[in-house]
Amino acid sequence: MICMGMKMKLPKEFCDRMKELLGKEYEQFIASYEEERAYGLRYNPLIFSSKEEFEERVKQWANLDLKPVSWCEEGFYYLPEQQPGRHPWHEGGAYYIQEPSAMSAVELLGVQPGERICDLCGAPGGKTTQIAGKLQGTGLLVTNEFYTSRAKVLSQNVERMGIPNAVVLNEETKHLAQEFIEFFDRVLVDAPCSGEGMFRKEQEATEQWSEENVELCAKRQGQILEDAACMLKSGGVLVYSTCTFSPQENEMCVNRFLQEHREFSILPDDRAQKEFDSARVDWVGGTSKVNVEDTYRLWPHKLKGEGHYIARLVKHGLEEGRRTEPKKETRRRKFVKSNVKEGELKDYREFEKKVLKVHLDEKIEGEFVLFGDQLYLVPKEMLDLRGWKLERAGLHLGTRKKNRFEPSHALAMYLKQDEVKQWVPCDEPLKYLHGETISCDFEQRGWTLVCVNGISVGWGKAQNGIVKNHYPKGLRICY
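Every value quoted in this text rests on a predicted model; they were computed, and no experiment measured them.

Novice: Explain the environment of Thr 287 to me, using residue names and the numbers behind them.
Specialist: Structurally, Thr 287 is set in the loop between strand E11 (277-278) and strand E12 (296-298). Looking at Thr 287, the relative accessible area reads 84%, which means it is exposed.

Here it is as structure tokens:
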């Protein structure tokens, strides 16, 4: 059954529950479904040094009318008719299109450069790429997705945004919990949920909704939180977030976790307290309750964004005789080691000398690792790679071929134009992104970075005034 009289169809059981929860506020809430939703994007701090630089260059080159998102330093609202996803800068990783409320969880995570961070449920990549921007290419970002097809999308977005220090895994969370014992400074659990907060954004979410699925999600979320608890260092921060309204998946889930894990407590956030609503203690249910007022609700009728819930937790270690017990001896932990002999780097070193102005292994703290003929620079902070289902292991440098080295698209997306010895400005970016040749100075020879308004979009090979296109065939587009 559906709520009648609405512009969009909503499940009746959902409406009945929200009416009971919200009381007089329900009419405002339900009226928000008649309104146009907000559209957002985040600029990429790995490309732009500041918000001011991004705004200045947007005015000059992209002609987007942007308004800041108050709870996210890198976030902006845009008008849907402007279609920034069709601009060449999108393909160059200049920004990530993301629903504005979804930007909130990483802000509460409090990421600092050099830390070890885990995004336990990473696809499609919005929060992963947001974390990466805050790490500024330092430390380690492990991002995981259980479903293979979604893990591939996650990996593609990591590549597009030019992230050098991310390892993308396709694992069950329990496997990570067995290996990354008390390993991470911060863990984000953006949990798979019933998606009620996205009804206005995705009609499909309403069609898939059921009370049974809410209960199933709540059970799964509890297990993911258990795994996350094992992976966090003492003193570390765990952020739990959903895009749903149901108390079973929000207040009740956090209450149950804190009852079972006395080494954790809620960590308030001053900015969130000003921006968002407090969660409701009376929605926890039962007699054994934790005060969840310092966890947060984002409501579509109270801000420009969709529905979200966020809880920020800190791990204290020993408390009241209980803690998350390590399952293995952490002192025997093995980190990644290079499997590449110096002679096997000869062709890469020649490429680096001819094409680049930087030595990547001096700029990035990593180990050279070969997977067959594919050369990667893997973050030194990563554990031994054997036994993992890997989608991406750090920065993919390229392919060893007979007597030559062919750079990867990932390397092009990582590099800036002042880090290469030659680059070509692309005045007809749609031709390049479609796979066509473009023109260049007659004197240019060999590998060259192709740039749109100073932002790299891929490789080309120059000769006789023509740049042969090396934009990956699987990414080529036709506007």
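Novice: Help me get a handle on the nonpolar core, residues and values and all.
Specialist: Counting 45 residues, the largest nonpolar core has Leu 120, Phe 180, Val 189, Leu 238, Tyr 240, Leu 313 and Met 382 as its most contacted members. Considering every element that reaches this core, the biggest residue donor is helix H10 (residues 211-231), with six residues. Leave out the neighbours within four places in its chain, and Val 189 touches Leu 120, Ile 224, Ala 228, Leu 238, Val 239, Tyr 240 and Ser 241. The next biggest cluster of nonpolar side chains, apart from the first, holds 34 residues, and it includes Ile 131, Leu 135, Met 161 and Val 239.

Novice: Give me the lowdown on empty space enclosed by the protein, citing residues and values where you can.
Specialist: Throughout the structure, instances matching the rule amount to one cavity of 30 Å³ or more. As a volume, the largest cavity reaches approximately 40 Å³. For the largest cavity, the full set of lining residues is Val 158, Glu 159, Gly 162, Ile 163, Arg 392, Gly 394, Leu 395, His 396 and Ala 410. Counting only elements with at least two residues in the lining of the largest cavity, the list comes to helix H7 (148-160) and strand E17 (395-401). Grouping the amino acids of the lining of the largest cavity by side-chain chemistry returns four nonpolar, three polar and two charged.

Novice: I'd like a rundown of the pattern of salt bridges, residues and numbers included.
Specialist: For the structure shown, the criterion picks out 30 salt bridges. Across the pair Glu 342 and Arg 349 runs a salt bridge, and its minimum N-O distance is 3.9 Å. Lys 363 serves as the salt-bridge partner of Glu 419, at 2.2 Å between the closest nitrogen and oxygen. In this pair, Glu 419 is assigned in the loop between helix H15 (409-414) and strand E19 (423-425) and Lys 363 in helix H14 (residues 360-363), connecting sequence segments 56 residues apart.

Novice: So, the packing of H10 against helix H11 (residues 251-260): which residues are in play, and what are the values?
Specialist: The N-to-C vectors of H10 and H11 enclose an angle of 40°; their axes lie 10 Å apart at closest approach. As the angle between them shows, H10 and H11 are arranged oblique. Regarding H10 and H11, the two cross each other, and that crossing is right-handed. Between H10 and H11, the contacting residues are Ala 218, Gln 221, Gly 222, Leu 225, Glu 226 and Ala 229 on the first element and Cys 253, Arg 256, Phe 257 and Glu 260 on the second. Looking at the contact of H10 with H11 residue by residue, the classes come out as five nonpolar, two polar and three charged.

Novice: Residues and numbers for the pairing of strand E18 (residues 404-407), please.
Specialist: Judged by which residues are buried, E18 turns out to be one-sided: Phe 405 and Pro 407 face inward and are buried, whereas Arg 404 and Glu 406, on the alternate face, are not. Direction of pairing for E17 relative to E18: antiparallel, over a ladder of four bridges. Along E18, the bridge assignment pairs Arg 400 with Phe 405. Linking E17 back to E18 in an antiparallel pair, the connection comprises two residues, with Asn 403 at a positive phi of about 65°.

Novice: Which residues make up the pairing of strand E21 (residues 446-452), and what are the values?
Specialist: Across the seven residues of E21, six count as buried, placing the element largely inside the fold. Note: E19 against E21, three bridges, orientation parallel. Within E21, the position partnered with Pro 425 by the bridge is Cys 451. As paired elements, E21 and strand E22 (residues 455-463) share seven bridges and run antiparallel to each other. In the strand pairing of E22, Cys 451 is matched with Ser 456. Here E21 folds back onto E22 in antiparallel fashion, the turn holding two residues, of which Asn 453 has a positive phi close to 55°.

Novice: Before we move on, could you go through the packing of aromatic side chains and cite the residues and values that matter?
Specialist: Following the criterion strictly, the structure yields 32 aromatic pairs and no others. An angle of 5° between the planes, with centres 5.3 Å apart, marks the rings of Phe 245 and Trp 299 as stacked. Note that Phe 245 is positioned in the loop between strand E9 (232-242) and H11 and Trp 299 in the loop between E12 and strand E13 (308-315), a separation of 54 residues in sequence. For Phe 245, a relative accessible area of 2% corresponds to the buried category. Since its relative accessible area comes to 4%, Trp 299 is described here as buried. Note on Tyr 348 and Phe 405: the rings are 5.2 Å apart at their centroids and 75° apart in plane angle, and the pair reads as edge-to-face. Of this pair, Tyr 348 sits in helix H13 (residues 346-355) while Phe 405 is found in strand E18, placing the two residues 57 residues apart along the sequence.

Novice: Please set out the sheet that holds E19 residue by residue, giving values where relevant.
Specialist: An order of E19-E21-E22-E23-E20 is seen for the five strands of this open sheet, with the pairing classed as mixed. Across the chains shown, the open sheet's two edge strands, defined by having one partner strand only, are E19 and strand E20 (438-439).

Novice: Let's hear about the confidence of the model for the protein: which residues, and what values?
Specialist: When pLDDT is averaged along the protein, the result is 94; 95% of the residues meet or exceed 70. Note that residues 319-324 has pLDDT below 50 and, in this model, 19 contacts with residues that lie over four places away or in other chains. Within the model, the stretch residues 326-331 combines pLDDT values under 50 with eight contacts to residues more than four positions away or in other chains.

Novice: Please provide a residue-by-residue account of H11, values included.
Specialist: Of the positions making up H11, those classed as buried are Glu 251, Cys 253, Val 254, Asn 255, Phe 257 and Leu 258. The inward-facing, buried residues of H11 contact H10, E9, strand E10 (264-266), E12 and E13.

Novice: Can you lay out the side chain of Thr 206 for me, pointing to particular residues and giving the numbers?
Specialist: When you line up the elements, Thr 206 lands in helix H9 (residues 203-208). For Thr 206, the residues in contact, after removing those within four places along its chain, are Met 8, Lys 9, Leu 10, Pro 11 and Phe 199.

Definitions and limits used
Residues numbered from 1 in each chain as written. Predicted model: local features only at pLDDT ≥ 70, side-chain atom pairs only at ≥ 80, totals over all residues. Heavy atoms only, no water. Helix = DSSP H or I, 4+ residues; strand = E, 2+ residues; numbered from the N terminus. Buried < 20%, exposed > 50% of the residue type's maximum accessible area, 1.4 Å probe, protein only. Core = buried A, V, L, I, M, F, W, Y, C linked by side-chain atoms within 4.5 Å. Contact = heavy atoms within 4.5 Å. 1 Å grid on protein atoms, 1.4 Å probe; cavity = no way out; pocket = protein on both sides within 12 Å on 5 of 7 lines; lining within 4 Å. Points joined across faces, edges and corners; volume = space filled by probe spheres on them. Nonpolar A, V, L, I, M, F, W, Y, C, P; charged D, E, K, R; others polar. Salt bridge = Lys/Arg side-chain N within 4 Å of Asp/Glu carboxyl O. Axes fitted to C-alpha atoms, helices over the stretch in contact; angles between N-to-C directions. Parallel < 35°, antiparallel > 145°, perpendicular 65-115°, else oblique. Left-handed = near helix turned anticlockwise from the far one by under 90°. Pairing = 2+ DSSP bridges. Phe/Tyr/Trp six-rings, centres within 6.5 Å; stacked < 30°, edge-to-face > 60°. pLDDT = per-residue confidence, 0-100.

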